[in-house]
Amino acid sequence: MTANSARKWLIVSSLIITGGQMIFLLTAPAFSFPLAYPKNLELLQIVLPVFLGYLGSASHFIFQSPTAPVRVKNQFLGLLVKGPIIIYVLAVLAAFGSFSYTNRIGADSGVGMSVDNLATALSLTLGLLAVTTGIVSSYLFAIPKHVSSGP
């Protein structure tokens, strides 16, 4: 994977995840998902900053002049760029699915996943991104240091 394809993957996946999570969490209570206002917004406050940070770094990088070419082509880059995001998406789907299933109408009372448990699950999945994608993105979207010519 090249640096540019890694950047593109991070930008596209961050946009999709950000949009998907925002739409889902903002509308979930209205569609009988067992998550009430304002708890849905509290979960959004947990998950959005990470992806907004990636998008902010990418935006800053793109509008820097000139952007320094980062020449990275490594067989492991693709694994470190795609793998954690794929795991994140699957884990979030599993967490929301478990929350929904254990809190469905007709489920045994008192045994469902709590909103706090869901928040913990989301925080743990974000931890994976912090130790992998966060580091990778800091290199992929690094802003070149301008060398001053001095007096």
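Reading guide: rules and limits
- Residues numbered from 1 in each chain as written.
- Predicted model: local features only at pLDDT ≥ 70, side-chain atom pairs only at ≥ 80, totals over all residues.
- Heavy atoms only, no water.
- Helix = DSSP H or I, 4+ residues; strand = E, 2+ residues; numbered from the N terminus.
- Expected span 1.5 Å × (residues − 1).
- Buried < 20%, exposed > 50% of the residue type's maximum accessible area, 1.4 Å probe, protein only.
- Arc of directions from axis to C-beta.
- Contact = heavy atoms within 4.5 Å.
- Phe/Tyr/Trp six-rings, centres within 6.5 Å; stacked < 30°, edge-to-face > 60°.
- Lys NZ or Arg CZ within 6 Å of the ring centre and 35° of its normal.

Draft legend 1. Looking closely at helix α4 (residues 115-131). Helix length check: α4 (17 residues) gives 25 Å between terminal C-alpha atoms against 24 Å at 1.5 Å per residue, within 8%. Listed in full, the buried residues belonging to α4 are Leu118, Ala119, Leu122, Thr125, Leu126 and Leu129. Each buried residue of α4 sits inside an arc of 130° when the element is viewed along its axis, so together they form one side. Among the exposed residues of α4, those oriented more than 90 degrees off its buried face are Asp116, Leu124 and Val131. On its buried face, α4 is in contact with α2 (39-62), α3 (77-102) and α5 (133-140).

Draft legend 2. Spatial organisation of the side chain of Thr133. Note that Thr133 resides in helix α5. Here Thr133 falls in the buried class, since its relative accessible area comes to 0%. In contact with Thr133, not counting residues within four places along its chain, are Leu10, Tyr54, Leu80, Pro84 and Ile85.

Draft legend 3. Structural detail: the packing of aromatic side chains. Considering all chains together, one arrives at seven aromatic pairs under this definition. For the ring pair Phe51 and Tyr88, a centre distance of 5.1 Å and an interplane angle of 55° mean the geometry is tilted. Taken as a pair, Phe51 in helix α2 and Tyr88 in helix α3 lie far apart in primary sequence, 37 residues in all. A residue is classified by how much of its surface remains accessible, and Phe51, at 0% relative accessible area, is buried. Owing to a relative accessible area of 2%, Tyr88 belongs among the buried residues under this scheme. Aromatic rings pair up to connect Phe24, Phe33, Phe96 and Phe99 into one cluster. Between the NZ or CZ atom of Lys82 and the centre of the ring of Trp9, over which it lies, the distance is 5.1 Å. Its guanidinium or amino end placed over the ring of Tyr101, Arg104 lies 3.9 Å from that ring's centre, counting from NZ or CZ.

Functional significance is not addressed by these values, which are geometric in nature.
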